[in-house]
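Understanding the architecture of this molecule
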Amino acid sequence: MSVKPTPLFDSDLATPEADRPLLTAAPAPQAAPIATPSAPRRLPPMAGRYLVRVLALLAALLIWHLATATGFNLFINFENVPAPLLVGQTLIQQLGSSEFYLHIVHSLERIALAYAYAVVLGVLCGVLIGRSRWAEDILLPYIELFRPIPAVAWIPLAILMLPTEQSSIVFITFLGAFFPIVLNTVHGVEQTPDVLVRAARSLGASDRAILWHVVIPGAMPSIVAGLAIGMGVAWFSLLAGEIISGQYGIGYFTWTSYTLVKYPEIIIGMLTIGGLGTLCTLLVRKACVPLLRWQQQGGRS
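Residues numbered from 1 in each chain as written. Predicted model: local features only at pLDDT ≥ 70, side-chain atom pairs only at ≥ 80, totals over all residues. Heavy atoms only, no water.

Within the protein one finds eleven helices and two strands. When the elements of the protein are put in sequence order from the N terminus, they spell out α-β-β-α-α-α-α-α-α-α-α-α-α. The buried share of the protein, reckoned over its 301 residues, is 31%. Sequence-distant contacts in the protein: of pairs separated by 6 or more residues, those separated by 24 or more amount to 69%. Accessible surface for the protein amounts to roughly 20,600 Å². Of this, 67% is attributable to carbon and sulfur atoms. (Helix = DSSP H or I, 4+ residues; strand = E, 2+ residues; numbered from the N terminus. Buried < 20%, exposed > 50% of the residue type's maximum accessible area, 1.4 Å probe, protein only. Contact = heavy atoms within 4.5 Å. Areas by Shrake-Rupley, 256 points an atom, 1.4 Å probe, with all protein chains shown as cover.)

Take a look at the structure:
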């Protein structure tokens, strides 16, 4: 009779890997996907804002059409105002005429010359007045004296002093842009924090370095605001100059339309001035964006 030996350890009871049954875990039941409601599609923020602006302009156009169609006459008389459709038809005719573009080119040329002079001299005088008491005492009285004089009042004197009509119109347009630029520059320079100037001086910066790296960058937001305002006032002054002494230009076109009783062309001239002024102001703001990059970097830090 044979007796099987008793295993001494549990490991002796272990079966070879080949003899073990393969144990596989049962697959977990997959949960059914939960249907989530899709988020409504929204327009980008800027697209939504521009859509609101376009709708606002269309609403004004509709009000204009209704007022002219019904002959609205309550404080404001629309009986003789041309309807939008008539103005649109006249605009199409003007766009097919080379003379209309000639008026625009002459006005843009005058604006470019006058505005360039105003930017250079306005910023220079503004920095001098803001940084020097001598310059403030000498230049500021002239600026405060001449600033309230309207552009129309300068026309006779400009015609007497300057040799050509072109130069007189440029001079009047220059005055319109100069005063907002110089006053905003003075404000920005005077608002530069003294702690920044003292900190730069304590680090060994020279007066020139403080001016270029502290004062002018700190005053740049006010300078840019003055540049934008100056562009709008420049178009206003250009219109006054071209009405009186111009032979070409969008202001001359508008005034001639009034004298010839061409009411649709009056509105076309007004809208052209507004559109060109808005476009020029937008270009100025876009051109000044690199000058304000330090503000964006400071806001992200």
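Okay, back to it.
Moving on to the pattern of salt bridges. The tally for this structure, following the rule as stated, stands at two salt bridges. A salt bridge links R110 to E242; its shortest N-O distance comes to 2.8 Å. Placement of R110 in helix α3 (residues 98-131) and of E242 in helix α8 (residues 207-245) is noted, with a sequence separation of 132 residues between them. Residue classification places R110 among the buried residues on the basis of a relative accessible area of 4%. On the basis of relative accessible area, E242 is assigned to the buried category, the value being 0%. (Salt bridge = Lys/Arg side-chain N within 4 Å of Asp/Glu carboxyl O.)

Let us look at unusual backbone geometry. Positive phi values are uncommon outside glycine, yet F75 reaches one of about 70 degrees. Looking at the element boundaries, F75 is found in the loop between β1 (73-74) and β2 (76-77). F75 gets classed as exposed once you look at its relative accessible area, which sits at 86%. Although it is not a glycine, V261 adopts a positive phi angle of roughly 60 degrees.

What follows concerns the UniProt feature "transmembrane region" (unreviewed entry) in the protein. If you check UniProt for "transmembrane region" (unreviewed entry), the listed places come out as residues 50-76, 111-130, 142-162, 168-189, 210-236 and 266-284 in our numbering. The span residues 266-284 shows a helical share of 100% and a strand share of 0%, and its end C-alpha atoms are spaced 27 Å apart. (UniProt positions renumbered as here; feature names shortened; annotations may be inferred.)

So, about the nonpolar core. Residues Y115, F178, L227, M231 and W235 are the most contacted members of the largest nonpolar core, which totals 54 residues. The dominant element in this core, judged by the number of residues it contributes, is α8, at 14 residues. Aside from chain neighbours lying at most four places away, what touches L227 is Y115, V119, I181, V284 and C288. (Core = buried A, V, L, I, M, F, W, Y, C linked by side-chain atoms within 4.5 Å.)

Time to look at the packing of aromatic side chains. Across all of its chains, the model carries nine aromatic pairs by this definition. With a centroid separation of 6.4 Å and an interplanar angle of 65 degrees, the aromatic rings of F72 and F78 are classed as edge-to-face. An aromatic cluster is built from Y142, F146, W154 and F171, whose rings are joined through pairwise contacts. (Phe/Tyr/Trp six-rings, centres within 6.5 Å; stacked < 30°, edge-to-face > 60°.)

With that settled, consider the confidence of the model for the protein. Detailed reading of the predicted model is not advised wherever pLDDT is low. Per-residue pLDDT for the protein has a mean of 84; in total, 82% of the residues score no lower than 70. In the model of the protein, helix α11 (residues 293-300) stands out as the element of lowest mean pLDDT, 60, in contrast to α3, which has the highest, 94. Every residue in residues 8-14 scores below 50 in pLDDT, and together they form three contacts with partners more than four places removed in sequence or on other chains. (pLDDT = per-residue confidence, 0-100.)

The grouping of W134, I138, Y142, L145, F146 and I149 at the surface amounts to a nonpolar patch, some 680 Å² of accessible area in total. Within the secondary structure, I138 sits in helix α4 (residues 133-146). (Patch = residues over 30% accessible without salt bridge, like charges linked within 9 Å, V, L, I, M, F, W, Y side chains within 5 Å.)

So, on to the packing of α4 against helix α6 (residues 165-190). Here α4 crosses α6 at 135 degrees, and the two axes come no closer than 11 Å. Taken together, the axes of α4 and α6 are oblique relative to one another. Relative to α6, the crossing made by α4 is left-handed. Note on element contacts: α6 touches α4 through F179, V182, L183 and E190, opposite E136, I143, E144 and F146. (Axes fitted to C-alpha atoms, helices over the stretch in contact; angles between N-to-C directions. Parallel < 35°, antiparallel > 145°, perpendicular 65-115°, else oblique. Left-handed = near helix turned anticlockwise from the far one by under 90°.)

Helix length check: helix α2 (residues 84-95) (twelve residues) gives 16 Å between terminal C-alpha atoms against 16 Å at 1.5 Å per residue, within 8%. If you follow the buried residues of α2, they end up packed against α1 (45-70), α3, α9 (250-259) and α10 (263-287). (Expected span 1.5 Å × (residues − 1).)

Among the structural elements, T185 can be located in helix α6. Only 2.7 Å separates the side chain of T185 from the backbone oxygen of I181, close enough to count as a polar contact. Aside from chain neighbours lying at most four places away, what touches T185 is G122, V123, G126, V127 and I223. (Polar contact = N/O pair within 3.5 Å; in protein donor to acceptor, adjacent residues only side chain to side chain.)

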